[in-house]
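Coordinate analysis (summary)
The residues making up each chain are set out below.
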Amino acid sequence: MIQRLRFVLPGAFLAAGITALSAVVDRGLPPWTALGFLIGTLLGQEPLSDLWLLLTHRLGGGRLLGVSYGWGRVLWQGTVAGVPVTLGLRPTSGLRLNWGLLPVRAPRLRLWGCSAGWLAVHGGLGAWLAISFTGVPRGIGLGLLSTLVLLVLLGVPSPVNSVWAVLVLPFCPAALDHHLWSAHDITAERLLWRGRIPEARAALDAPAPARAPSTRLTAAGVALAEGRHDEADRVVELALAQGCDPTQAQVVAAMVTVGRADSGELTPARAGALLGPALEVFGHNERAKLRAIVSAADLARFTGDPRTAVHAARRLAGEAYLSSFWRAQANCSLAAALIATGKPEQAGKALARARRECPGLTRIADVERMLERPVEVR
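Here is a short report on the structure shown in this document. (Residues numbered from 1 in each chain as written. Predicted model: local features only at pLDDT ≥ 70, side-chain atom pairs only at ≥ 80, totals over all residues. Heavy atoms only, no water.)

**Structural notes on the environment of Ser-295**
Take Ser-295: it is sitting in helix α14 (residues 294-302). C-alpha of Ser-295 to C-alpha of Ala-253: the two residues are 42 residues apart in sequence and 9.7 Å apart in space. Here Ser-295 is in contact with Ala-254, Met-255, Val-258, Leu-275 and Leu-279, once residues within four sequence places are set aside. (Helix = DSSP H or I, 4+ residues; strand = E, 2+ residues; numbered from the N terminus. Contact = heavy atoms within 4.5 Å.)

Structure, rendered in structure tokens:
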């Protein structure tokens, strides 16, 4: 049940917290304590955990795959110590950290120790501030304790995170085997993030241990980028059978369907019929899908609403939190939607942006060929 509510639970939790806070302020809670509670809630959800992860991830066997900060237009992108980093125009409360675990010595113990340390710091700091102080510090402590409840609710069903590592991993030690990356896979994912497809494929071709489900999705993404749709589908199915995150797998599988349609393997009507049910794994909030999932924009195009597709794809094409690979996909979706609305010049500019982001993406050529076909403007 909690897993199905993972997209709405943080917002519902925040709304409930604001309502409860308003009620207790009305009943006499000191305003400074209320202000501290809001600060503690913001700190507890992202910034403190981000800082802890940055400080301890290598100790626990983790390696960063990509880091982004901010929403909206990309201000800067590059690499820091080999890790892709992107900065966006609009500030956010925390970083977006993607990471994988290497099969280091005693990986379970190291991950458990780092995770238990984080929960102890989070809960202990919150309890100390709430008990030992008044005013703003007490409010911050209460906010930290409240967000700890949210983290537990969201974390238990979703590996790999601190709550899962502490409460689930000791009883299911073999579960971690499905989430261990090789050094080659780490390199490949970083290169895919940066849109460097041939180099990512070369890293995957290097000898490596059997791949975990999560790392197989990197191989599926490379196959998708190179237009090898049958192989991408097989890899996604294998990853799902081995227990990877179904939502992450569905993101890749949905784009395989889009790629098949743009290359002419599927008709738009058939692609739309396949995409609709596939995207239900993300819930029933259509506006949320259009804001977050590239293939949702293509679904709007396939179902006869290219103007909605233009709006959705344009927003995603410039989002800093997406990797270069996914911004290139969004620019291809934007170009295809612009072609459908009779704007070939704008479509050409979108394809040029896609080529700058990810020059090895086969879909760019597929969408370019769509410029040569007669299009019924809608």
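**Regarding the nonpolar core**
With 65 residues, the main nonpolar core has Phe-325, Leu-361 and Val-367 as its most contacted residues. Looking at this core element by element, the count peaks at 11 residues for helix α16 (residues 324-340). The contact partners of Phe-325, leaving out residues within four places of it in the chain, are Leu-192, Trp-193, Gly-195, Ile-197, Gly-221, Leu-224, Ala-225, Cys-358 and Leu-361. Within the second largest apolar cluster, 9 residues are counted, among which are Leu-101, Val-160, Ala-165 and Val-168. (Core = buried A, V, L, I, M, F, W, Y, C linked by side-chain atoms within 4.5 Å. Buried < 20%, exposed > 50% of the residue type's maximum accessible area, 1.4 Å probe, protein only.)

**Quick notes on the pattern of salt bridges**
Throughout the structure, instances matching the rule amount to 18 salt bridges. The residue Arg-315 makes a salt bridge to Glu-319 at a minimum N-O spacing of 3.4 Å. Assessed through its relative accessible area of 32%, Arg-315 is described here as partly exposed. On the basis of relative accessibility, which here comes to 2%, the residue Glu-319 falls in the buried class. In this structure, a network of salt bridges that share partners links the residues Arg-201, Glu-226, Arg-228 and Glu-231. (Salt bridge = Lys/Arg side-chain N within 4 Å of Asp/Glu carboxyl O.)

**Let's talk about the pairing of strand β2 (residues 71-80)**
Pairing of β2 with strand β3 (residues 83-90), which is carried by 7 bridges, proceeds in the antiparallel orientation. From the neighbouring strand, Trp-71 faces β3, where its bridge partner is Arg-90. Taking the residues between adjacent antiparallel strands as the criterion, β2 and β3 are bridged by 2 residues, where Ala-81 takes a positive phi near 55°. (Pairing = 2+ DSSP bridges.)

**Side note on empty space enclosed by the protein**
One pass over the structure, following the stated rule, counts 1 cavity of 30 Å³ or more. Looking at the largest cavity, the residues that line it are Leu-224, Ala-225, Gly-227, His-229, Met-255, Gly-259, Gln-329, Thr-362, Arg-363 and Asp-366. Of all the elements in the fold, those that place two or more residues in the lining of the largest cavity are α9 (213-225), α11 (246-263) and α18 (363-370). Looking at the lining of the largest cavity residue by residue, the classes come out as 3 nonpolar, 5 polar and 2 charged. (1 Å grid on protein atoms, 1.4 Å probe; cavity = no way out; pocket = protein on both sides within 12 Å on 5 of 7 lines; lining within 4 Å. Points joined across faces, edges and corners; volume = space filled by probe spheres on them. Nonpolar A, V, L, I, M, F, W, Y, C, P; charged D, E, K, R; others polar.)

**Some remarks on the sheet that holds β3**
In any sheet, the strands associate via hydrogen bonds between backbone groups, in a parallel or an antiparallel arrangement. In space, the 4 strands of this open sheet follow the order β2-β3-β1-β4, with mixed pairing throughout. In the strand order of this sheet, the two ends are held by β2 and β4 (96-101), each with one partner. Neighbour-to-neighbour, the strand axes of this sheet turn through a mean angle of 20°, independent of strand direction. Across 3 bridges, the pairing between strand β1 (residues 62-69) and β3 is parallel. Each bridged residue has a counterpart across the sheet, and for Val-67 the counterpart in β3 is Val-85. (Axes fitted to C-alpha atoms, helices over the stretch in contact; angles between N-to-C directions.)

**Structural notes on the packing of aromatic side chains**
Enumeration over the complete set of coordinates arrives at 4 aromatic pairs. Between Phe-325 and Trp-326, the aromatic rings sit 5.1 Å apart at their centres with planes inclined by 80°, giving edge-to-face as the arrangement. The pair Phe-325 / Trp-326 is uniform in exposure class, with both members buried. Directly above the ring of Tyr-321 sits Arg-96, whose terminal nitrogen or CZ lies 4.5 Å from the centroid. (Phe/Tyr/Trp six-rings, centres within 6.5 Å; stacked < 30°, edge-to-face > 60°. Lys NZ or Arg CZ within 6 Å of the ring centre and 35° of its normal.)

**Some points on a positive patch on the surface**
On the surface, a cluster of positive charge is made up of Arg-307, Arg-314, Lys-343, Lys-349, Arg-353 and Arg-356. At the level of elements, α15 (306-317) and α17 (344-357) are the ones that each hand at least two residues to the positive patch. With 3 residues, α17 is the single largest residue contributor to the positive patch. (Patch = residues over 30% accessible without salt bridge, like charges linked within 9 Å, V, L, I, M, F, W, Y side chains within 5 Å. Areas by Shrake-Rupley, 256 points an atom, 1.4 Å probe, with all protein chains shown as cover. Lys, Arg positive; Asp, Glu negative; His and termini not counted. Charge placed at Lys NZ, Arg CZ, Asp CG, Glu CD.)

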